[in-house]
Amino acid sequence: MRNKPIKIEKISFTLDNWRTYPFSQFAFSNVKKIIPTAIISKGIKESSFNLDIQDLNSLIFENKYNEKSSLSTFLENNLADNFVVIQKGKKVFEWFKYSELKNNQHILFSVSKSLTSLLTGMLIQDNFIKESKKISFYIPEIKESAYKNATIRNLLDMTVASDFSEDYLDKTGLFNLYREATGFNPRHSGSTIGLNEFLTKMPQSVKSHGEYYQYCSPNTDLLGWIIERVTKEKFSNVFSNYIFQKCEPKNEAYITLDPKGAPRTAGGICMTIDDLSKLAEMVRCKGSLGNKQIIPENLMVELIDYENKFPWISKEKGVLFPKGGYRSKWYQTGLQNKEICAIGIHGQWIWIDPVRKISILLFSSRKKPLSPSYGKNFSLLCRELCNQVSS
């Protein structure tokens, strides 16, 4: 465990710089100060993990460059904010950079997608949504966009064909317009459209749906719109009632909203690391947490590719998990223990080893949105950590 004081009053951030280091170190744990949010209620019951704390700071692993590093050095060098290891339902290690921010809700970025898919699965089970249905059945407003003829399963698996490019560094093009619509960027372009209107204008592709894996964040925002349309409730309330409060969290979570109130389900959920750890353990245990079945096991097995039965539908653009796959917004690594994970930009991770019965969670404020070498090194760290903790 690491503890370092921070003088919060000296750190300021704006919508222009909140994803830029060093402002991100504070901004990622205080998003609600600059972006509208909706509370995801925690409910009445609270619980905490039992503790079996081990000192893992000096744990050594070898990175992709054959260099050895300790766990604590890796976390410090890679601008980690919080890090937690859960084994068999017990917290065995935690590391946090700043004690004042330890219990703040940290933005999950694209880990939000993985949580949104869990709720989508519950609504499929309750017959609010059919995964084989065309999206336009639920949201006819998108029938002339890239989503024409695409299905709910296409949304879940990122197999919608569109002419949209996920360019995190874009400052003047389509991705910037998307971020402006979500409320993540200032409106320097002059556009006034909100998130849902942006989705109705998603550019079409000449390719067919279902033939290629194409990572596209708006797909998950569209799921958020569908969830609110079919339930006639706010996403924050539905997620709380179906999943979050049943995990007995200690703190409220929240989700960012666009200027017109649409939820940013692709990347706007904010949660403490301890509460996210409960959701990770629930996923590891196929819907069960603390001897309570929150999501039916058969649904979890259908929703998430625990057994690596769904390889990449097309060649993965990255090289992180070439033998793995992507289903319902969870990555299957294709590694020996069939580990699964959820990943968000700037270093947000859930890593689940079902064989070792370990969940690892990381919040970070990394300078770059993406780094393939960092992802590879973190996966090597997780594998070594799981081996050593289990031995």
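What counts, and at which threshold
Residues numbered from 1 in each chain as written. Predicted model: local features only at pLDDT ≥ 70, side-chain atom pairs only at ≥ 80, totals over all residues. Heavy atoms only, no water. Salt bridge = Lys/Arg side-chain N within 4 Å of Asp/Glu carboxyl O. Buried < 20%, exposed > 50% of the residue type's maximum accessible area, 1.4 Å probe, protein only. Phe/Tyr/Trp six-rings, centres within 6.5 Å; stacked < 30°, edge-to-face > 60°. Helix = DSSP H or I, 4+ residues; strand = E, 2+ residues; numbered from the N terminus. Lys NZ or Arg CZ within 6 Å of the ring centre and 35° of its normal. Pairing = 2+ DSSP bridges. Contact = heavy atoms within 4.5 Å. Axes fitted to C-alpha atoms, helices over the stretch in contact; angles between N-to-C directions. pLDDT = per-residue confidence, 0-100. Parallel < 35°, antiparallel > 145°, perpendicular 65-115°, else oblique. Left-handed = near helix turned anticlockwise from the far one by under 90°. Core = buried A, V, L, I, M, F, W, Y, C linked by side-chain atoms within 4.5 Å. Disulfide = S-S within 2.5 Å. Expected span 1.5 Å × (residues − 1).

A. Just the pattern of salt bridges, in detail. Inspection of the entire model under this criterion finds 14 salt bridges. One salt bridge in this structure joins K42 and E46, with 2.7 Å as the shortest N-O distance. Its relative accessible area of 19% is what places K42 among the buried residues. Judged by its relative accessible area of 41%, E46 is partly exposed. Members of the salt-bridge network, linked through shared partners, are E131, R153, D157, E302 and R327.

B. View of the packing of aromatic side chains. Enumeration according to the criterion identifies 27 aromatic pairs in this entry. Taking 6.1 Å as the distance between ring centres and 20 degrees as the angle between the ring planes, the aromatic pair formed by W18 and F109 counts as stacked. Taken together, the residues W18 in the segment before helix 1 (24–27) and F109 in the loop between strand 7 (106–107) and helix 3 (111–125) connect sequence positions 91 residues apart. Assigned by exposure class, W18 and F109 land together as buried. An aromatic cluster is defined as three or more aromatic residues linked by ring pairs; in this entry it consists of F61, F74, Y213, Y215, W312, F321, Y326, Y331, W349, W351, Y374 and F378. One Lys or Arg, K207, reaches over the ring of Y212 and ends 4.8 Å from the middle of that ring.

C. Seen up close, the sheet that holds strand 5 (residues 80–87). An order of 2-6-5-16-15-14-13-12 is seen for the eight strands of this open sheet, with the pairing classed as mixed. Both edges of this open sheet fall to strand 2 (50–51) and strand 12 (325–327), since each of them pairs with a single strand only. Summarising the sheet, strand 2 and strand 6 (residues 90–96) pair through two bridges and their orientation is parallel. When the sheet's bridge partners are listed, L51 is paired in strand 6 with K91. Contacting strand 5, strand 15 (348–353) and strand 16 (358–364), helix 12 (residues 372–390) crosses the sheet at an angle of about 140 degrees to strand 16.

D. Representation of the confidence of the model for the protein chain within the structure. Predicted confidence across the protein chain gives a mean pLDDT of 95, with 96% of residues reaching 70 or more. Summarising per-element confidence for the protein chain, the mean pLDDT is lowest in helix 12 (94) and highest in strand 9 (residues 269–271) (99).

E. Fine view of the packing of helix 3 against helix 10 (residues 273–284). Interhelical geometry of helix 3 versus helix 10 gives an angle of 55 degrees and a closest axis separation of 12 Å. It follows from the interaxial angle that helix 3 and helix 10 lie oblique. With respect to the hand of their crossing, helix 3 and helix 10 are arranged in left-handed fashion. Contacts from V111, L115 and L118 of helix 3 reach helix 10 at L276, L279, M282 and V283.

F. Seen up close, the sheet that holds strand 1 (residues 37–40). Here we have four strands laid out as an open sheet, ordered 1-8-9-7, and antiparallel in their pairing. Lying at the two open borders of the sheet, with one neighbouring strand each, are strand 1 and strand 7. Both strand 8 (residues 253–256) and strand 9 contribute to a ladder of two bridges, which runs antiparallel. If you follow I255 over to strand 9, its bridge partner there is I269.

G. Structural detail: the nonpolar core. Ranked by internal contacts, the top residues of the largest apolar core, which has 125 residues, are F83, L118 and I226. Residues in contact with I226, not counting those within four places in the same chain, are I129, I135, Y138, I139, I152 and L155.

H. Seen up close, the pairing of strand 5. Strand 5 sits mainly inside the fold: eight of its eight residues count as buried. Across seven bridges, the pairing between strand 5 and strand 16 is antiparallel. Its bridge partner lying in strand 16, V84 is registered against L361. Taken together, the six bridges between strand 5 and strand 6 define a ladder with antiparallel strand orientation. By the bridge assignment for strand 6, N82 is matched with F96. Count of turn residues in the strand 5/strand 6 antiparallel hairpin: two residues, of which K88 carries a positive phi of about 50 degrees.

I. Molecular detail of the side chain of S24. By the element assignment, S24 lies in helix 1. Classification of S24 by relative accessible area gives buried; the value is 1%. Residue contacts for S24: discarding those within four places in its chain leaves W18, R19 and S365.

J. Broad picture of the state of the cysteines. Under the criterion given, the structure shown has zero disulfides. Unpaired in terms of disulfides, C216 finds its nearest cysteine sulfur in C341, a separation of 20 Å.

K. Broad picture of unusual backbone geometry. A cis amide bond links Y21 with the next residue in sequence, P22, at an omega value of 10 degrees. Structurally, P22 is set in the segment before helix 1. You will see that K88, though not glycine, has its phi angle at about 50 degrees, which is positive. The exposure class of K88 is exposed, given its relative accessible area of 56%.

L. Here's a closer look at helix 8 (residues 218–231). In this model helix 8 runs 20 Å from its N-terminal to its C-terminal C-alpha over 14 residues, within 8% of the 20 Å that 1.5 Å per residue would give. Within helix 8, 13 of the 14 residues are buried, which leaves the element mostly enclosed by the surrounding structure. Looking one or two places after helix 8, you find K232, whose phi comes out positive at around 60 degrees.

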